[in-house]
Amino acid sequence: GLTGMTLDHVSLQVRDVGRSRDFYARVFNLAEPPGVRADGSVRLDLKGSGSLVLRAGNPVGVDHLSIRLDRFDEPLVTRQLAELGITPVDAETGAGFHVVDPDGFNVQIQ
């Protein structure tokens, strides 16, 4: 169901992806896995778990955060959210499974 287990990633919209990548790699020793992401974003893995995703954007800020559930079962999660009066967004577009929190933050569920 809806038991959050770990923070999977935080996605930031930044002015300059390369500059931000260099900062987080240098200051926090985060590693960028090999390969190019189709959307032009950069993923930097934390040593313990989770990752930081950098995307070009304006305005800058938190694009979304992602919470990994104990077990993601989309139909079950959709039903449980409906019982809470919450409708997921983006599920039909292939952009992931998201909800919006009371302050408008986009939360990806996986």
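Residues numbered from 1 in each chain as written. Predicted model: local features only at pLDDT ≥ 70, side-chain atom pairs only at ≥ 80, totals over all residues. Heavy atoms only, no water.

Engineer: Account for the pairing of strand E1 (residues 4-14), with residues named and values stated.
Structural biologist: Direction of pairing for E1 relative to strand E4 (residues 61-69): antiparallel, over a ladder of 8 bridges. The residue bridging Leu7 from the neighbouring strand is Ile67, located in E4. Looking at chain direction, E1 and strand E3 (residues 51-56) are connected through 6 bridges and run parallel. Residue pairing across strands places Val10 opposite Leu52, the latter belonging to E3. (Pairing = 2+ DSSP bridges. Helix = DSSP H or I, 4+ residues; strand = E, 2+ residues; numbered from the N terminus.)

Engineer: Give a detailed account of the nonpolar core, specifying residues and quantitative values.
Structural biologist: Looking at soluble globular proteins, one finds that nonpolar side chains tend to be buried together. Grouped together as the largest cluster of nonpolar side chains are 8 residues: Leu12, Val14, Val17, Leu30, Val42, Leu44, Leu52 and Leu54. Elements with a minimum of two residues in this core: E1, strand E2 (42-45) and E3. Setting aside its immediate chain neighbours within four residues, Val14 contacts Ser20, Leu54, Arg55, Ala56, Gly57 and Val60. Residues Leu69, Val77, Val99 and Val107 belong to the second largest nonpolar core, which totals 7 residues. (Core = buried A, V, L, I, M, F, W, Y, C linked by side-chain atoms within 4.5 Å. Buried < 20%, exposed > 50% of the residue type's maximum accessible area, 1.4 Å probe, protein only. Contact = heavy atoms within 4.5 Å.)

Engineer: Go over a nonpolar patch on the surface with me, naming the residues and quoting the values.
Structural biologist: Residues Leu2, Leu84 and Ile86 make up a contiguous nonpolar surface patch of about 250 Å² in total accessible area. Tracing the sequence through the fold places Leu84 in the loop between helix H2 (74-83) and strand E5 (98-100). (Patch = residues over 30% accessible without salt bridge, like charges linked within 9 Å, V, L, I, M, F, W, Y side chains within 5 Å. Areas by Shrake-Rupley, 256 points an atom, 1.4 Å probe, with all protein chains shown as cover. Salt bridge = Lys/Arg side-chain N within 4 Å of Asp/Glu carboxyl O.)

Engineer: Describe the sheet that holds strand E6 (residues 106-109), with residues and values.
Structural biologist: With mixed pairing, the 6 strands of this open sheet are ordered in space as E2-E3-E1-E4-E6-E5. The outermost strands of the open sheet, each flanked by one partner alone, are E2 and E5. Along the sheet, successive strands turn relative to each other by an average axial angle of 25°, direction set aside. Strands E1, E2 and E3 of the sheet are contacted by helix H1 (residues 17-28), whose axis makes an angle of about 160° with E3. (Axes fitted to C-alpha atoms, helices over the stretch in contact; angles between N-to-C directions.)

Engineer: Tell me what's going on with the environment of Thr3, and back it up with residues and numbers.
Structural biologist: Here Thr3 shows up in the segment before E1. Placed 52 residues apart in sequence, Thr3 and Arg55 show a C-alpha to C-alpha distance of 28 Å. Thr3 has contacts with Arg68, Leu69 and Asp70, leaving out every residue within four places of it along the chain.

Engineer: Run through the packing of aromatic side chains, naming residues and quoting values.
Structural biologist: Enumeration according to the criterion identifies 4 aromatic pairs in this entry. For the pair Phe72 and Phe97, a centre-to-centre distance of 5.3 Å together with 70° between the ring planes defines the contact as edge-to-face. With Phe72 in the loop between E4 and H2 and Phe97 in the loop between H2 and E5, this pair connects stretches of sequence that are 25 residues apart. An aromatic cluster of three or more residues is present, and its members are Phe23, Tyr24 and Phe28. (Phe/Tyr/Trp six-rings, centres within 6.5 Å; stacked < 30°, edge-to-face > 60°.)

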